[in-house]
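The lines below spell out each chain.
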Amino acid sequence: MARFFDVHPVDPQPRAISQAVQILRGGGLIAYPTDSCYALGAMMGNREALERIRQIRHLDDKHHFTLVCAEFAQLGQLVEMPNDVFRAIKAVTPGPYTFILPATREVPKRMLHPKKKSVGVRIPDNAVVRALLRELGEPLLSSTLLLPGEEDPLTDGWEIKERLDNVVDAVIDAGECGSEPTTVVDFTSGSAEIARYGAGDPSRFEEA
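Remember, predicted model here, so these are calculated numbers, not experimental data.

Looking at this structure, how should I read the overall build of the protein?
When its secondary structure is counted, the protein shows seven helices and 10 strands. Computed over its C-alpha atoms, the radius of gyration of the protein comes to 16 Å, within 12% of the 17 Å expected for a compact globule of 208 residues. C-alpha atoms of the protein, sized along the principal axes, occupy 45 × 35 × 30 Å. For the protein, with 208 residues in total, the buried portion stands at 57%. Counting contacts in the protein only where the partners sit at least 6 residues apart, residues at least 24 apart contribute 66% of the total. By element, 45% of the accessible surface of the protein is carried by carbon and sulfur atoms, the whole surface being about 9,900 Å². Looking at charge distribution, the protein has the averaged site of its 23 positive side-chain charges lying 8 Å from that of its 30 negative ones.

Help me understand the layout of surface pockets, please; the structure alone is not making it clear to me.
By rolling a water-sized probe across the atoms, one finds the places where empty space is left. Here the largest pocket is characterised by a volume of approximately 350 Å³. If you go around the largest pocket, you meet 24 residues; those closest to its centre are His-64, Thr-66, Thr-144, Val-184 and Arg-196. Mapped by element, the contributors of at least two residues to the lining of the largest pocket are strand S3 (38-43), strand S4 (66-68), strand S5 (97-102), strand S6 (118-122), strand S7 (140-144) and strand S10 (193-196). Per element, the largest residue contribution to the lining of the largest pocket is three residues, and it comes from S7.

Would you take a moment to explain the packing of helix H1 (residues 14-25) against helix H5 (residues 127-136) for this structure?
Helix-helix packing: each pair is described by the crossing angle between the helix axes and the interaxial distance. Running from amino to carboxyl end, H1 crosses H5 at an angle of 60 degrees, the nearest separation of the two axes being 9 Å. Of the possible angle classes, the one that applies to H1 and H5 is oblique. The interaxial crossing formed by H1 with H5 has right-handed handedness. Listed contacts from H5 to Ile-17, Ser-18, Ala-20, Val-21, Leu-24 and Arg-25 of H1 are Val-128, Ala-131, Leu-132, Glu-135 and Leu-136. Class assignment for the residues of the contact of H1 with H5 results in eight nonpolar, one polar and two charged.

Where do I start with unusual backbone geometry in this structure?
Where the residue is not glycine, phi is negative for most of them; where a peptide bond is considered, it is trans in most cases. A cis geometry characterises the amide bond from Thr-93 onward to Pro-94, with omega recorded as 0 degrees. The phi angle at Lys-117 is positive, at roughly 55 degrees, despite the residue not being glycine.

Is there a simple way to explain the nonpolar core in this structure?
Within soluble globular proteins, side chains that are nonpolar tend to cluster in buried spots. The biggest cluster of nonpolar side chains holds 47 residues, and the ones touching the most others in it are Leu-67, Phe-99, Leu-101, Met-111, Val-119, Leu-145 and Phe-187. Among the elements of the structure, S3, helix H2 (47-57), helix H3 (72-78), helix H4 (83-90), S5, S6 and helix H6 (157-164) are those that each provide at least two residues to this core. The dominant element in this core, judged by the number of residues it contributes, is H2, at four residues. Not counting the four nearest positions on each side in its chain, Phe-187 is found in contact with Val-85, Ala-88, Ile-89, Phe-99, Ile-100, Leu-101, Ala-192 and Phe-205. Within the second largest apolar cluster, 23 residues are counted, among which are Val-68, Val-128, Leu-133 and Ala-174.

Conventions used here
Residues numbered from 1 in each chain as written. Predicted model: local features only at pLDDT ≥ 70, side-chain atom pairs only at ≥ 80, totals over all residues. Heavy atoms only, no water. Helix = DSSP H or I, 4+ residues; strand = E, 2+ residues; numbered from the N terminus. Rg over C-alpha atoms; globule rule 2.2 N^0.38 Å. Buried < 20%, exposed > 50% of the residue type's maximum accessible area, 1.4 Å probe, protein only. Contact = heavy atoms within 4.5 Å. Areas by Shrake-Rupley, 256 points an atom, 1.4 Å probe, with all protein chains shown as cover. Lys, Arg positive; Asp, Glu negative; His and termini not counted. Charge placed at Lys NZ, Arg CZ, Asp CG, Glu CD. 1 Å grid on protein atoms, 1.4 Å probe; cavity = no way out; pocket = protein on both sides within 12 Å on 5 of 7 lines; lining within 4 Å. Points joined across faces, edges and corners; volume = space filled by probe spheres on them. Axes fitted to C-alpha atoms, helices over the stretch in contact; angles between N-to-C directions. Parallel < 35°, antiparallel > 145°, perpendicular 65-115°, else oblique. Left-handed = near helix turned anticlockwise from the far one by under 90°. Nonpolar A, V, L, I, M, F, W, Y, C, P; charged D, E, K, R; others polar. Core = buried A, V, L, I, M, F, W, Y, C linked by side-chain atoms within 4.5 Å.

See the structure below:
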C-alpha cells in the first residue's frame, strides 16, 4: 500500500519531503508532480525500480529514461554538451523540457539507449521537485506517468494512489500540476530535433 503525502505546491512541508526521500533511499518508487505532469521517480542506481517503471509503463529497452536535476552542475556531470547546446538548454531551464544527450560514465549503462548511449535530462520549474532534489542530494531517475493504452498522463494524486496503490511505494500530491508531458529535444545527431511536442515552447529548437 502506497504512502500518500499531501503537500503545499509552493511551500512543501519539510517533514513530508524528508519522509518521501527516505522511501527513495530505501529503494522505493514514488509518483510525484512536476511542472508538466506527474512522473514516476526513483534513485538513479536503483535497478529494481527501473524494472518496475518498465513494467508499469510497458516500456522496451529503447525508451529514454530521464534524470531530473536540481541545477546545471548536476546536469553537466551526466551528459556531454558542446557550448552551443549548453547555451540553448540554459536559455530555457528550468522549465518543461527534456533533452536527450550522449551520457557520461556517471550514468548507469542499464539506463542508456542501447544504440545511442544517450539519456534524457531536465531541470523542472516546480517547488515540490526542487525540495525533493535538495533533500535527496542527487538526480532522480524519472519517467512520465503515462499508463499503457492511455493518451493522457494521470494528473490527480488520489486517482494515482487508487490505481497504482500496489505498484508504487508513495504518492506526492500537490494539487493540479498540468496534464501535458515535456517537450523532448534530441541533440544526439549534433543538432536539435523535436522528439515530442509538449508543454514547452519548441519554436527556438525548430529554428536551430
